[in-house]
Every structure is written in structure tokens, then in C-alpha cells.
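Each chain, written out:
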Amino acid sequence: MRKKVLVVDDSWTVRQEVSVALQEAGFEVLLAVDGVEGETKIQETNDLAVVVADINMPRMNGLEMLAKVKRDPKNASLPIVVLTTEGQPDLIRQAKSDGAKGWMVKPFKPDLLVALVRKLAGT
């Protein structure tokens, strides 16, 4: 059975690029367009291996989603990777403090993202 990865990004292009890279690597990919939809899918999906999320999104940004998801004990160990155009050290520190397991800056190298997701998913 393929491991599931949720990709949360408001950019259709980024969702597609990440999705294609992960599907080619053997993952099943679920998609969400913002933090609200991402948080809902996390709550509804019990077997997610990893979440890849943007920071700058409407309705609920990635940091808000990360903090909300990690407050729920059932999601405390769910690995979340931030994939964003942001690279400020204070944002990276905040994300890691809130439980992010990785941070990648766009544009990203698909092979590096796949390697990180594989490592976090235990594959």
C-alpha cells in the first residue's frame, strides 16, 4: 500500500509540481488549497505519512495550520514539511518550534523534496 502525502498550497502550479514528483516516487497524494482545507483533510485522514504545506495562503496560513494540527495529540507525531518562498530565520524558528520537521524554499528541487518526504515517511 502506498503511503499518503497531503500537499497544502494555494498555487495550482505548485500543487501539481509537488504531486507529480511524489506520485512518480510512489506516494499517494491528497491536495488542499489552503490551511482550512488542509487541517480538515488531516483530521479526516488517519493514515497520512507526511504533510507538505506552504506558509502564505488565504483563510488560514501554513503556520496557523501547523500550530493547530500539532495541538491535537493524535497529530503530534505527523511530520509536516514547510515548502514556501519565505526564508526568514524567525519564520523558520517559529515553524520548528511549532513542530515542523523540515523547511524548503521555492523554487524547489523535486529530488530533494522526494528524499525528505521518503525519510520522514520511513520509506
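Look up a bit, the structure's there.
Here the structure is a predicted model, which is why all the values come from computation and not from measurement.

Q: Can you explain the pattern of salt bridges? Please cite residues and give values.
A: Under the criterion given, the structure shown has six salt bridges. Measuring nitrogen to oxygen at the nearest pair gives 3.2 Å for the salt bridge that ties K4 to D47. With K4 in strand β1 (residues 4-8) and D47 in the loop between α2 (35-44) and β3 (48-53), the pair connects residues that are 43 residues apart, well separated along the chain. Residue class for K4 comes out buried when judged on its relative accessible area of 19%. By relative accessible area, which is 38% here, D47 ends up partly exposed. Close ionic contact of E37 with K41 constitutes a salt bridge, the shortest N to O distance being 3.6 Å. Highlighted residues: E37 and K41, both in helix α2, separated by four residues, approximately one helical turn. You can call K41 partly exposed: its relative accessible area is 25%. Taken together, the shared-partner salt bridges in this structure form one network comprising D9, D54 and K106.

Q: Please set out α2 residue by residue, giving values where relevant.
A: Side chains three or four residues apart in an α-helix point the same way, a direct result of the helix having 3.6 residues per turn. For α2, every residue scored as buried is listed here: G35, G38, E39 and I42. Summarising the axial view, the buried residues of α2 lie within an arc of 95°, below the 170-degree limit, and thus occupy one face. Packing partners of the buried residues in α2 comprise β1, β2 (28-32), β3 and α3 (62-71).

Q: Would you mind going over the environment of N46 in detail, with residue names and values included?
A: One can find N46 in the loop between α2 and β3. The class of N46 is exposed, set by a relative accessible area of 72%. As for N46 and K74, which are separated by 28 residues in sequence, their C-alpha atoms are 9.1 Å apart.

About the cut-offs
- Residues numbered from 1 in each chain as written.
- Predicted model: local features only at pLDDT ≥ 70, side-chain atom pairs only at ≥ 80, totals over all residues.
- Heavy atoms only, no water.
- Salt bridge = Lys/Arg side-chain N within 4 Å of Asp/Glu carboxyl O.
- Helix = DSSP H or I, 4+ residues; strand = E, 2+ residues; numbered from the N terminus.
- Buried < 20%, exposed > 50% of the residue type's maximum accessible area, 1.4 Å probe, protein only.
- Arc of directions from axis to C-beta.
- Contact = heavy atoms within 4.5 Å.

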